[in-house]
Amino acid sequence: ALIKPWVVSSLGRRHVVSVAAGKHHMLVLTTAGEVWSFGSNRDGKLGYVHPDTQPTPRKIAALHRIRIVAIAAANKHSAAISASGDVYTWGANSWGQLGYGTSDSSANPNPRIVDALKGKPMQAVAAAKRHTLLLSRDGELWTFGQKRVSPRKINLVGCRDVARDEASLAAAAAAAAAAPSAAAPSSAPQQQGTLQQQLPPLESTINFHKGHSEVMRPTAVAIAAGYAHSCCLTATGAVLAWASGDPQLRVKEVGGPLSRQRAVSVAASKTRTAVTTQLGDVYFWDAKPQAARHSQRAAQQQQQQKGAAQEAGSLPSSLPKGEGPGSWGNVVLGSSPERGGRLCFWYAGEKREKGA
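Every residue gets a number counted from 1 within its own chain, in the order that chain's sequence is written. Per-residue local features of the predicted model are confined to residues with pLDDT of at least 70, and side-chain atom pairs are confined, for both listing and counting, to 80 or more; whole-chain, interface and lining totals are unaffected and use all residues. With hydrogens and water set aside, each side-chain value is computed from the structure's full complement of heavy atoms.

**What to know about the overall build of the protein chain**
Stated precisely, the cut-off is as follows: The secondary structure listing takes helices from DSSP runs of H or I that are at least 4 residues long and strands from runs of E that are at least 2 residues long, numbered from the N terminus. Contacts are assigned to residue pairs that have any heavy atoms within 4.5 Å of one another. Reported accessibility uses the Shrake-Rupley method at a 1.4 Å probe radius. Residues are deemed covered only where the shown protein chains occlude them.
Counting its regular elements, the protein chain contains four helices and 24 strands. Contacts in the protein chain between residues far apart in sequence, at least 24 positions, make up 51% of those at least 6 positions apart. As displayed, the protein chain offers around 19000 Å² of accessible surface, 52% of which is attributable to carbon and sulfur atoms.

Below is the structure:
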């Protein structure tokens, strides 16, 4: 294992603009719109048939003369977006994560356009183990995978908390009224992190749908995909999340400490999500599947009951009935977002923090 960065010299003088890392392979995007891949080629996720393992970057010939502007790599498949907004996918498709309209489990090593999305230009793509997430140029979200073999639009209407936004605006107005008058110019610098700075005006926060003033239609500007969840940022900095395996794809707004923050970037791993705010703070939370939480809870209950039974001189015949494994529950939000300071990083499962 390498413990320090090494220059990938085989790329020569090509300028790299983006890198996507999967579980056992990597994709590299150059300024010329070329895609190079290396690593394990199981399931054809490198974009060519042979060899089984590619130790150095190799250009994906099937994308020749197609200028690529965005790439994504997951456990067993890869995806790319062309300059014209077309979506190309390749690799494993056992969960329908390639969007071809089928769930063929065999390898698909040749990049292929997703026909169902023709005419809907995309600008960003994120890939996870069993699904793919896309952001269109008009701020709409599309997904396929998790046994959804064809692209499906994600409905964001009504997922924002309008009442909370109005309350936040009222609080900001009250704070502004209580502050000294701003009529006279002041040379003192404005304090960073005040409520007025964190909350945008209501007209920029809430977009009303014509004829339905109580329904909001957020516009997505960034996306991230994890193993069991997906999330996006809106144009006003709200964080929205949903369980990728939810048949209804019910989107919820992540509140708590983030309710009065403007998020500017988002990242997702297998079960964790991290968000950076406009003020430079990092918030993170865990989103474990309900089955995992149930197993952990059952083990704790069993241990507690075992101790109680030993004191009583007998063992219980069964554990108390609870929410069964496999239920998604509140997998989207998981634990409450926690502030991680100016800089957070994880190593071997241990969270470490720098800054305050």
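**Focus on the sheet that holds strand β17 (residues 239-243)**
Two pairing modes exist for strands in a sheet, parallel and antiparallel, and in both the strands are linked by backbone hydrogen bonds. Cut-off, in case you're wondering: Here the rule is simple: two strands pair whenever DSSP picks up at least two bridges between them.
The strand order across the open sheet formed by four strands is β15-β16-β17-β18, and the pairing between neighbours is antiparallel. For this open sheet the edge positions go to β15 (220-225) and β18 (252-253), each flanked by a neighbour on one side alone. Relative to β18, β17 runs antiparallel, the two sharing two bridges. By the bridge assignment, Ala241 is partnered in β18 with Lys252.

**A short note on the packing of aromatic side chains**
Aromatic ring pairs are described here by two measures, namely the spacing of the ring centres and the angle between the planes. What counts is decided by this rule: Here is the rule: rings of Phe, Tyr and Trp (six-membered ring for Trp) pair when centre to centre is within 6.5 Å. Planes less than 30 degrees apart are stacked, more than 60 are edge-to-face, and the remainder are tilted. Charges are assigned to positions over rings by a cutoff of 6 Å between ring centre and Lys NZ or Arg CZ, combined with an angular limit of 35 degrees from the ring normal.
On inspection of all chains with the given rule, the structure shows zero aromatic pairs. Sitting over the ring of Tyr48, Arg58 keeps its end group 4.0 Å from the ring centre. Between the NZ or CZ atom of Lys147 and the centre of the ring of Trp95, over which it lies, the distance is 4.8 Å.

**Things to note about the pattern of salt bridges**
For clarity, the threshold we go by: Salt bridge, as used here, is a side-chain nitrogen of Lys or Arg placed within 4 Å of a carboxyl oxygen of Asp or Glu. When a residue's accessible area, from a 1.4 Å probe over protein chains only, is under 20% of the maximum for its type it is buried; when over 50% it is exposed; and in between it is partly exposed.
Following the criterion strictly, the structure yields five salt bridges and no others. When the shortest N-O distance is used, the salt bridge between Glu34 and Arg14 registers 3.8 Å. Taken together, the residues Glu34 in the loop between β2 (25-30) and β3 (35-40) and Arg14 in the segment before β1 (16-21) connect sequence positions 20 residues apart. Looking at Glu34, the relative accessible area reads 21%, which means it is partly exposed. We classify Arg14 as partly exposed; its relative accessible area is 40%. Linking Glu140 and Lys153 is a salt bridge whose minimum nitrogen-to-oxygen distance equals 2.8 Å. Here Lys153 lies in strand β12 (residues 148-154) and Glu140 lies in the loop between β10 (131-136) and β11 (141-145), a separation of 13 residues in the sequence. For Lys153, a relative accessible area of 39% corresponds to the partly exposed category. Salt bridges sharing common partners tie together Arg14, Glu34 and Lys59.

**Looking at the environment of Val28**
Position of Val28 among the secondary structure elements: in strand β2. Each C-alpha atom of the pair Val28 and Phe38 lies 8.7 Å from the other, and the pair is 10 residues apart in sequence. Every residue in contact with Val28, bar those within four places of it in the chain, is listed here: Leu11, Val16, Ser18, Val19, Glu34, Val35, Trp36, Phe38 and Ile71.

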